[in-house]
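Residue-level structural notes
Spelled out, the chains give:
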Amino acid sequence: MPIIDMKQMLQHAHQHGYAVGGFDVVSLDFVEGVVRAAERCQAPIILSLAESHFAHYDFELLMAAVEAAARRTPVPVAIHLDHGESEAMATRAINLGCNGVMVDASKFPLEQNIAHTRAITAMAHGCGVAVEGELGYVPGVEGEDAERHPGEVQYTSVADAKRYVDETGVDCLAVSIGTVHGRMKGAPQLDLKRLGQINQALQLPLVIHGGTGLDEDQYRALIANGVAKINYYTALADAAATAIRATDGSRPGYTALTEGVREAVAAETEKMIRLWGGAGRADELLAHCRPWQPVEHTILYNTANIPEEGVDEMMAEGQRVLSAIPGVRRVFCGQAVQGQAAYRYSWHIQFCHPAVIDSYREHPDHLAFANTLFRPVAADRISIDFNERRST
Ligand code: 13P
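As a convention, each chain's residues are numbered from 1 in the sequence order in which they are written. Local features in this predicted model are restricted to residues of pLDDT 70 or higher, and side-chain atom pairs are both shown and tallied only at a pLDDT of 80 or more, whereas totals for entire chains, interfaces and linings draw on every residue. Only hydrogens and water are set aside when side-chain values are computed; all heavy atoms of the structure are taken into account.

Once that is clear, we can look at the overall build of the protein. Each helix and strand counted, the protein has 15 helices and 14 strands in total. C-alpha atoms define the radius of gyration, and 2.2 Å times the number of residues to the power 0.38 defines the globule rule. Taking 21 Å as the expected radius of gyration for a compact globule of 392 residues, we find that the protein reaches 23 Å, a close match to that expectation. Viewed in the frame of its principal axes, the protein has a C-alpha envelope of about 75 × 60 × 45 Å. A 1.4 Å probe rolled over the protein chains alone gives each residue an accessible area, and that area as a share of the maximum for its type sets the label: buried under 20%, exposed over 50%, partly exposed in between. Counting only residues that meet the buried cut, the protein has 53% of its 392 residues in that class. Throughout, a residue-residue contact means that at least one pair of heavy atoms, one from each residue, lies within 4.5 Å. A fraction of 75% describes how many contacts in the protein between residues 6 or more apart in sequence connect residues 24 or more apart. For the area figures, the Shrake-Rupley method with a 1.4 Å probe applies, and any residue is considered shielded solely by the protein chains shown. If you sum the accessible surface of the protein, you get close to 17100 Å²; carbon and sulfur atoms cover 52% of it. Residues scored as positive are Lys and Arg, those scored as negative are Asp and Glu, and His as well as the terminal groups of each chain are ignored. To locate a charge, take NZ of a lysine, CZ of an arginine, CG of an aspartate or CD of a glutamate. Separation between the mean location of the 33 positive side-chain charges and that of the 49 negative ones in the protein comes to 3 Å. Helix numbers and strand numbers start at the N terminus; a helix is a DSSP run of H or I with at least 4 residues, a strand a run of E with at least 2.

Structure follows, in structure tokens:
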């Protein structure tokens, strides 16, 4: 089960002078290609899902595949929401299985960016989830020609970065030092002096967006100046499109056209993993980082003073309210199969991380439901939180 804590993953990369790729995936072919590359390199990866791409796939369905791939592979993986627009989206991403979220409030003035990011960080940390903030503005759109989105780069200032990190508590920071999202003509001019100063001042893993299109020396210089995560998408999309165009048309049909996509994505990903220094790091990271393990919050209970239909209504309301609480992956309402069981009913609520035991208990929606609808009719109950037991 090598989904691992993303904060620890990036701290390790930061301390040991390499960067983990945050590879945006847009289909199952991308997921399989990126994981295949990581396995070939024995490297950690971040499987990233960008909100701007949700028009092209169903977030919930792709998340299920991403999580299954992450749990199956032997290399360490984190699952990340890229460029989330709102707290609601960050919560949804966590409840679908992301263990890192990026909230991009960089378009707002500093005060507003700080307030927005601080609120999301408090929520995410209550779920044990790492947060990436962004300060400054990286223009362009992933997968598109940069000339079509000609916004000005707004460079991150050292003083603002220090204040932003102190006041928000983010775990890593995306900085703007000259890169651009998407395809651009020529290599961008990077302000490495500024990056080095930010790194000195923060001592925090830094993130680069717009990873496509730099030369090898530029990548090395970024990493030498504190970059521990590089976001990468356009080159993967172009490699996939090139593989499709290279088919000779002799075999028509979707699967014939797309059969080279997985390997094209894998080859491009592998090149970057090796260049960024992640190859061969899997074992040390697995030894160093906490595994990302859910908790089963289990309540067994009997009811009193409530008719059968009332039990159904109470359960339906609990399903609705509790499943929206940050960090809740699943809410299962049970009824004992055996009529003589000591407890007739159950809740099995899966939390994404042990931190949710506390944040859930105190959450106002949980308290309101428990105090008004559940506890008054279920005085006879036991409640236990379970971790998965691993053989020692
Ligand atoms: P590129 O599309 O330029 O590789 O940038 C990806 C990115 O920054 C995703 O957040």
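With axes taken as lines fitted to C-alpha atoms, and helix axes fitted only over the stretch in contact, angles between N-to-C directions fall between 0 and 180 degrees. Closest axis-to-axis distance for the helix α2 (residues 28-41)/helix α3 (residues 59-72) pair is 10 Å, and the angle between their directions is 20°. Judged on the interaxial angle alone, α3 and α2 are roughly parallel. Seen from above, α2 lies across α3 with right-handed handedness. Counted together, Leu-28, Val-31 and Val-35 of α2 and Leu-62, Ala-65, Val-66 and Ala-69 of α3 form the full contact between these two elements. Among the residues forming the contact of α2 with α3, the class breakdown is seven nonpolar, no polar and no charged. Any angle from 65 to 115 degrees is called roughly perpendicular, while one under 35 is roughly parallel, one over 145 is roughly antiparallel, and all others are oblique. By definition, turning the near helix anticlockwise from the far helix through less than a right angle yields a left-handed crossing, and turning it clockwise yields a right-handed one. Nonpolar residues are Ala, Val, Leu, Ile, Met, Phe, Trp, Tyr, Cys and Pro. Charged residues are Asp, Glu, Lys and Arg, and all others, Gly as well, are polar.

Take the nonpolar core next. Burial of nonpolar side chains together is a common tendency in soluble globular proteins. Buried residues of nine kinds, namely Ala, Val, Leu, Ile, Met, Phe, Trp, Tyr and Cys, make up a nonpolar core once their side-chain atoms join them within 4.5 Å. Ranked by size, the top nonpolar core spans 100 residues in total, and within it Leu-49, Leu-173, Trp-276 and Trp-347 carry the most contacts. The element contributing the most residues to this core is α2, with seven residues. Among all residues touching Leu-49, those that are not within four sequence positions of it are Asp-24, Val-25, Phe-54, Tyr-57, Phe-59, Leu-62, Met-63, Val-66, Ile-79, His-80, Leu-81 and Asp-82. Core analysis: the second largest hydrophobic core is formed by 16 residues, Tyr-18, Cys-172, Ala-228 and Leu-285 among them.

Stacked, edge-to-face and tilted are the three classes for Phe, Tyr and Trp ring pairs, Trp counted by its six-membered ring, which pair at centre distances within 6.5 Å; planes under 30 degrees apart are stacked, over 60 edge-to-face, the rest tilted. In total, this model carries 14 aromatic pairs according to the counting rule given. Taking 5.9 Å as the distance between ring centres and 15° as the angle between the ring planes, the aromatic pair formed by Phe-23 and Trp-276 counts as stacked. Here Phe-23, found in strand β1 (residues 20-24), pairs with Trp-276, found in the loop between α11 (261-275) and α12 (282-288); they are 253 residues apart in sequence, far enough to count as distant. Take Phe-23 and Trp-276: they sit in the same class, and that class is buried. Taken together, the ring pairs connect Tyr-301, Tyr-345, Trp-347, Phe-369 and Phe-374 into an aromatic cluster.

A few words on helix α6 (residues 158-168). Looking only at α6, the buried set comprises Ala-161, Tyr-164, Val-165 and Thr-168. Burial along α6 is one-sided: seen end-on, the buried residues are contained in an arc of 95°. Along α6, the residues that are exposed and aim more than 90 degrees away from the buried face are Ala-159 and Asp-166. On the buried face of α6, the contacting elements are α5 (110-125), β5 (130-135), β7 (172-175) and α7 (192-202). Following α6 by one or two positions, Gly-169 has its phi on the positive side, about 75°. Note that the arc is computed from the directions linking the helix axis to the C-beta atoms.

The next subject is the sheet that holds strand β11 (residues 295-302). Only strands joined by at least two bridges in the DSSP assignment are considered to pair. Reading across from one edge, β12-β13-β11-β14 is the order of the four strands in this open sheet, with antiparallel pairing throughout. Here the strands that pair on one side only, and so sit at the sheet edges, are β12 (328-335) and β14 (380-387). The sheet shows a mean angle of 15° between the axes of neighbouring strands, taken without regard to direction. Here β11 runs beside β14; their pairing, made up of eight bridges, is antiparallel. Residue His-297 lies in a different strand from β14, and its bridge partner there is Asp-385. Packed on one face of the sheet, helix α13 (residues 308-322) meets β11, β12 and β13 (345-351) and runs near 5° to β13.

Turning our eyes to something else, we now look at the site of the ligand. As a structural note, the neighbourhood of the ligand is formed by 16 residues, with Asp-82, Gly-210, Thr-212, Tyr-233 and Thr-234 the closest of them. Under the rule applied, a polar contact is a pair of N or O atoms within 3.5 Å (in protein, one hydrogen donor and one hydrogen acceptor; residues adjacent in sequence only if both atoms are side-chain atoms). Interatomic distance of 2.7 Å between a backbone N/O atom of Gly-210 and an oxygen atom of the ligand. One of the side-chain nitrogen or oxygen atoms of Thr-234 is found 2.5 Å away from an oxygen atom of the ligand. The protein chains hide 100% of the 300 Å² of surface that the ligand would expose on its own. Listing elements by their share of the shell around the ligand, those giving two or more residues are β3 (77-84), β6 (140-145), β8 (181-183) and β10 (227-232). When grouped by side-chain class, the residues that make up the shell around the ligand number three nonpolar, 10 polar and three charged. In this text, near means that some heavy atom of the residue lies within 4 Å of the molecule or strand in question.

This paragraph deals with the packing of α3 against helix α4 (residues 87-96). Close contact between α3 and α4 brings their axes to 10 Å; oriented N to C, the two are set at 40°. On the basis of their axis angle, the class for α3 and α4 is oblique. Considering only the axes of α3 and α4, their crossing is right-handed. Residue-level inspection shows Phe-59, Glu-60, Met-63 and Glu-67 of α3 in contact with α4, the latter providing Met-89, Arg-92, Ala-93 and Leu-96. In the contact of α3 with α4, the residues fall into five nonpolar, no polar and three charged.

What follows concerns the pairing of β3. Most of β3 sits inside the fold, with eight of its eight residues counted as buried. Pairing analysis gives six bridges linking strand β2 (residues 45-50) to β3, with the strands arranged parallel. Each bridged residue has a counterpart across the sheet, and for Leu-49 the counterpart in β3 is Leu-81. Of the strand pairs in this sheet, β3 and strand β4 (residues 100-103) are connected by three bridges, and their pairing is parallel. Paired with His-80 across the two strands is Gly-100, which belongs to β4. Crossovers are marked right-handed if the path from the first strand over the helix to the second runs clockwise, as seen with the strands pointing away from the viewer. With α4 bridging β3 and its parallel neighbour β4, the resulting β-α-β unit is right-handed.

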